[in-house]
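# Fold and contact review
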Amino acid sequence: MNALASIERPADTNPGRLRGFVTALADLIASTRDERSLLESGRALLGRLIAKDDWLPPEYARPHPDRYQQYLLHCDSRERFSVVSFVWGPGQSTPVHDHGVWGLVGILRGSEKVERFSRLPTGGLVPEGEALLREGEVDAVSPRIGDIHRVSNGRDDAPSVSIHVYGGNIGAVQRTIYVPNGKPKPFISGYASNVLPNLWDRSKEL
Ligand code: FE
């Protein structure tokens with residue numbers, strides 16, 4: 001099998017699961033300004049979302065042969081949060097980057113290697129260890145708890161898919177890429193696609 005063939009699930013997905021998640025997250029964000037409790041409760045919500053793999057439409061799990069993909073699944077109307085599916089082909093990884101906002105990363109399919117860094121006041125990067133996140137696991141980032149990392153596909157023979165939630169419209173946030181022995185580079189990631197899944201057609205459920 002072509003290693004880059006998408007690992008698609010049946011077309012009959014359950015959009016209600018993602019709709020329930022974004023509704024619960026909006027309620028959570030309205031209920032607290034404390035990042036610690038937001039990440040704790042958000043982690044539980046995201047853990048429940050990725051525990052069942054029956055809701056992500058196949059077109060948002062499609063790898064690209066050359067680069068990882070980030071598909072916007074939902075953005076809050078006030079840009080308080082966004083939900084993105086990341087799809088990694090074998091051997092694909094991000095540059096070392098920051099986020100500037102809180103983020104939660106949950107593995108839906110496969111695994112991801114995370115390498116964490118901190119930044120010295122002089123600007124140098126210090127490795128802070130790495131982890132392999134497996135299906136069902138959730139990781140967190142934020143300027144408060146550690147915001148700089150590189151993420152790669154944890155599998156070398158198949159795509160991996162993770163669901164990320166951020167405390168802003170992440171594709172439009174001013175961020176930084178760190179290159180070895182180079183100057184930090186400002187970047188704005190954007191998204192891989194300009195269409196979003198329709199979570200709101202509830203006619204079949206009524
Ligand atoms: Fe990241």
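Details of the structure are given in the entry above.
Below you will find a few notes about this structure. (Residues numbered from 1 in each chain as written. Predicted model: local features only at pLDDT ≥ 70, side-chain atom pairs only at ≥ 80, totals over all residues. Heavy atoms only, no water.)

## Some thoughts on empty space enclosed by the protein
The final tally for this structure, using the stated rule, is one cavity of 30 Å³ or more. For the largest cavity, the calculated volume is near 110 Å³. Taken together, 16 residues line the largest cavity, and the ones lying closest to its centre are Tyr68, Phe86, Thr94, His97 and Arg175. (1 Å grid on protein atoms, 1.4 Å probe; cavity = no way out; pocket = protein on both sides within 12 Å on 5 of 7 lines; lining within 4 Å. Points joined across faces, edges and corners; volume = space filled by probe spheres on them.)

## What about the packing of aromatic side chains?
Counted by the stated rule, this structure contains four aromatic pairs. Between Tyr60 and Tyr71, the ring centres sit 5.9 Å apart and the planes meet at 85 degrees, which makes this aromatic pair edge-to-face. Remark: Tyr71 occurs in strand E1 (residues 69-75) and Tyr60 occurs in the loop between helix H2 (35-50) and E1; sequence separation between them is eleven residues. Judged by its relative accessible area of 4%, Tyr60 is buried. (Phe/Tyr/Trp six-rings, centres within 6.5 Å; stacked < 30°, edge-to-face > 60°. Helix = DSSP H or I, 4+ residues; strand = E, 2+ residues; numbered from the N terminus. Buried < 20%, exposed > 50% of the residue type's maximum accessible area, 1.4 Å probe, protein only.)

## Quick look at the coordination of the iron ion
When four donors bind a metal tetrahedrally, each ideal donor-metal-donor angle is 109.5 degrees, and when six bind octahedrally, the ideal angles are 90 or 180 degrees. Looking at the iron ion, the protein donor atoms are His97 (NE2), His99 (NE2) and His149 (NE2), and they sit 2.1 Å from it. The sequence pattern describing where the donors of the iron ion fall on their chain is H-x1-H-x49-H. On the basis of relative accessible area, His97 is assigned to the buried category, the value being 7%. (Donors = N, O, S within 2.8 Å, 3.2 Å for Na, K, Ca; no water.)

## Things to note about the sheet that holds strand E2 (residues 82-88)
Pairing is antiparallel across the open sheet formed by five strands, whose spatial order is E1-E2-E9-E4-E7. Of all strands in the sheet, those with a lone pairing partner are E1 and strand E7 (138-141), marking the two edges. The sheet shows a mean angle of 25 degrees between the axes of neighbouring strands, direction not considered. Helix H1 (residues 15-31) contacts E1, E2 and strand E9 (160-166) of the sheet and is inclined by roughly 130 degrees relative to E2. Strands strand E4 (103-109), E7 and E9 of the sheet are contacted by H2, whose axis makes an angle of about 15 degrees with E4. (Pairing = 2+ DSSP bridges. Axes fitted to C-alpha atoms, helices over the stretch in contact; angles between N-to-C directions. Contact = heavy atoms within 4.5 Å.)

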